[in-house]
Amino acid sequence: MKTIKLVAVFAALLLSAPLLASNDAEAAGGGVVQEGWSPTKPYPSQEVYYPGTEELGEEEIRVIACGSGMPMPRTKQAAACFLIELGNGEKFIFDLGTGSFTTLYALGIPLDYMTKIFITHQHADHMGDLPTMWIYGMQNGRSKPLEVWGPGGGGMPENWGMKSAVDGILKFYNWMLETSKGALDTRSLSVQVNEFDWSKENNVIYDENGVVIRTIPAIHLEGSVSLILEWKGMKIAFSGDTLANQWWIKEAKGADLAIHECFLPNEDFVTRYKFQPAEAIYVSTLVHTTAPVFGKIMALTEPRRAVAYHFQNDPDTLPDVVTAVRETYDGPVDFAVDGMVWNITKDDIRTRVAMLNSQPFPPPSVTPRQQAAPGGEKYETPDWIMQGYAWETLEVMDEVHENFNKKFDTDFKFPLRPKE
Ligand SMILES: [Zn+2]
Ligand SMILES: [Zn+2]
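A quick note: this is a predicted structure, and the numbers were derived from the prediction, not measured. (Residues numbered from 1 in each chain as written. Chains lettered and ligands numbered in written order. Predicted model: local features only at pLDDT ≥ 70, side-chain atom pairs only at ≥ 80, totals over all residues.)

1. What about the pairing of strand 10 (residues 225-231)?
For strand 10, the tally of buried residues reaches 6 of 7 residues, placing the bulk of the element in the interior. Relative to strand 11 (residues 234-238), strand 10 is paired through 5 bridges, and the arrangement is antiparallel. Bridge pairing in strand 11 links Leu-229 to Ile-236. Between strand 10 and strand 11, which pair antiparallel in sequence order, lie 2 residues; one of them, Lys-232, sits at a positive phi of approximately 50 degrees. (Buried ≥ 20, exposed ≤ 12 C-beta atoms within 10 Å, placed from the backbone. Helix = DSSP H or I, 4+ residues; strand = E, 2+ residues; numbered from the N terminus. Pairing = 2+ DSSP bridges.)

2. Details of the pairing of strand 3 (residues 81-86)
Look at any regular strand and the pattern is simple: side chains alternate between the two faces of the sheet. Burial of strand 3 is extensive: 6 of the 6 residues sit out of reach of the surface. Residues Cys-81, Leu-83 and Glu-85 of strand 3 are buried on one face, and the alternating residues Phe-82, Ile-84 and Leu-86, pointing to the opposite face, are buried as well. As defined by bridge partners, strand 3 adjoins strand 4 (residues 91-94) across 4 bridges and the pair is classed as antiparallel. Residue Glu-85 lies in a different strand from strand 4, and its bridge partner there is Lys-91.

3. Examining the nonpolar core
Counting residues in each nonpolar core, the largest one holds 84 residues, and the members touching the most others are Phe-82, Ile-84, Val-148 and Ala-308. Residues within four places of Ala-308 in sequence aside, it is in contact with His-260, Cys-262, Phe-294, Val-321, Val-325, Val-333, Phe-335 and Ala-336. (Core = buried A, V, L, I, M, F, W, Y, C linked by C-beta atoms within 7 Å. Contact = placed C-beta atoms within 7 Å.)

4. Observations concerning helix 4 (residues 130-139)
Taken residue by residue, helix 4 has Leu-130, Met-133, Trp-134, Gly-137 and Met-138 as its buried positions. Across the axial projection of helix 4, the buried residues extend over an arc of 125 degrees, all falling on one side. Here the buried face of helix 4 lies against helix 2 (100-106), strand 5 (116-118), helix 3 (124-127), strand 6 (146-152), helix 5 (162-172) and strand 7 (191-197). Backbone geometry just after helix 4 places Gly-141 at a positive phi near 95 degrees. (Arc of directions from axis to C-beta.)

5. Quick look at the packing of helix 10 (residues 291-301) against helix 11 (residues 318-326)
Between helix 10 and helix 11, the least distance of the axes is 7 Å, while the angle of their chain directions is 45 degrees. One finds that helix 10 runs oblique with respect to helix 11. Crossing angle aside, the handedness with which helix 10 passes helix 11 is right-handed. Residues Ala-291, Pro-292, Phe-294 and Gly-295 of helix 10 touch helix 11, and the partners they reach there are Val-321, Ala-324, Val-325 and Arg-326. Of the residues assigned to the contact of helix 10 with helix 11, the class counts are 6 nonpolar, 1 polar and 1 charged. (Axes fitted to C-alpha atoms, helices over the stretch in contact; angles between N-to-C directions. Parallel < 35°, antiparallel > 145°, perpendicular 65-115°, else oblique. Left-handed = near helix turned anticlockwise from the far one by under 90°. Nonpolar A, V, L, I, M, F, W, Y, C, P; charged D, E, K, R; others polar.)

Listed below in structure tokens is the structure:
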């Protein structure tokens, strides 16, 4: 069965290629001369997105998939995370799943520009990198608190809400915080939590600078939402995790970009995940949206562009997903991989994949650093452990300081000396 589907997809690709080529050539009168291409100058157009090289138009939205996969983060696919950049300078992170911070970091964006994080629900594959984002932002140039919007209330116990989760993160890293006092930019230490009632329909949770972000309930256990961002007459809808539901069909209708979960066909949960059939059918039909249902949802949503995410997008899985989706939906759809980028304006939606920097250095601070809060205490390592220093290396250490001072015209001295 699988082989037949694969053959069909490849055959379709092979057939379409010569057709396109001959149509293009015909339209151009048999030959095209492309202006602006040179062996030494930048090319006039890029089919790859190189982060940080393109100005965003005043009425343009750029969305980047920083996590498109399943809960277990893979080298090629982190868990759920989409960065939304607006032409007014605002940036929003929709979910921050396990492994996704690495992709955000690869974009080279100063961390002061990425402080607004919206969490659809508290599964680790949707917020697992929140601690990483918070802690490394402190050390790498973020000068303000992270702001986190996340679900709570709606009949759930209080300690199931976002506030409680963030308190837990602060406790988890208590040692790191205490021993960093005086060395970190203290403005970045706190996390501002905006907990919202997940059960409300069209709950506006952000309304600034012409940007409105609202939530609708999602059917995914309880305490889950989908997010809808509207700006300049454009609409981005993000499902998080959900079954097909009436709120999505109504509110995401006609979205410019409709990003929705799309699980691998059921049989893969038996053959690849080694699930029992009962588990496979439960997880992919009562907790998540399976591929054929994704297609039907998009047929009802009628977005300008649909995006399927939350599955292992591999050469040997994609044909089955495409086939399943195409049973019910024939509109425009992209099957997300990490780094997939959408540039959206009223006239155009352009899909590309970003060239991610696999060896970035931290982006620079964009505000002057402030090492310690006024009057704040400074942590000191206990003297006895410092006295365990290997004094045989003291001479080398003094030399290291001398060389540094020469290079940077400073006057630092290694402060440790053996006690008499
Ligand atoms: Zn989930
Ligand atoms: Zn998920």
